[in-house]
Amino acid sequence: MSAAVPLTVAGVFVSTLTAALWALIGAGMAMIVTPTGKVLRRSVDPAGIPEVVDS
């Protein structure tokens, strides 16, 4: 029973660290993908947007 407490604490720490890392990576991806879409839309006339988005 005494080994269960450190393992539980370690599991909570790893889960928290994993969640924080996942959120950080997600925020970074959102910061990259959103401006890329805006740049693509601004560089093409409105009729050509479907072709650019599909590629």
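All values reported here derive from a predicted model rather than from experimental measurement.

1. A closer look at the overall build of the protein chain
Scanning the protein chain for helices and strands turns up two helices and zero strands. Oriented by its inertia axes, the alpha-carbon framework of the protein chain measures out at about 65 × 15 × 10 Å. For the protein chain, the exposed surface amounts to about 4,800 Å²; the carbon and sulfur share of it is 77%.

2. Here's the deal with the environment of Thr-36
Assignment of secondary structure puts Thr-36 in helix α1 (residues 4-42). Judged by relative accessible area, Thr-36 falls into the partly exposed class, the value being 41%. Note: C-alpha distance between Thr-36 and Val-9 (27 residues apart in sequence) is 41 Å. At a separation of 2.8 Å, a polar atom in the side chain of Thr-36 contacts the main-chain carbonyl oxygen of Ile-32.

3. Details of a nonpolar patch on the surface
On the surface, Leu-21, Leu-24, Ile-25, Met-29, Ile-32 and Val-33 cluster together into a nonpolar patch covering about 620 Å² of accessible area. Its location among the elements puts Ile-32 in helix α1. Looking at Ile-32, the relative accessible area reads 54%, which means it is exposed.

Criteria and cut-off values
- Residues numbered from 1 in each chain as written.
- Predicted model: local features only at pLDDT ≥ 70, side-chain atom pairs only at ≥ 80, totals over all residues.
- Heavy atoms only, no water.
- Helix = DSSP H or I, 4+ residues; strand = E, 2+ residues; numbered from the N terminus.
- Areas by Shrake-Rupley, 256 points an atom, 1.4 Å probe, with all protein chains shown as cover.
- Buried < 20%, exposed > 50% of the residue type's maximum accessible area, 1.4 Å probe, protein only.
- Polar contact = N/O pair within 3.5 Å; in protein donor to acceptor, adjacent residues only side chain to side chain.
- Patch = residues over 30% accessible without salt bridge, like charges linked within 9 Å, V, L, I, M, F, W, Y side chains within 5 Å.
- Salt bridge = Lys/Arg side-chain N within 4 Å of Asp/Glu carboxyl O.

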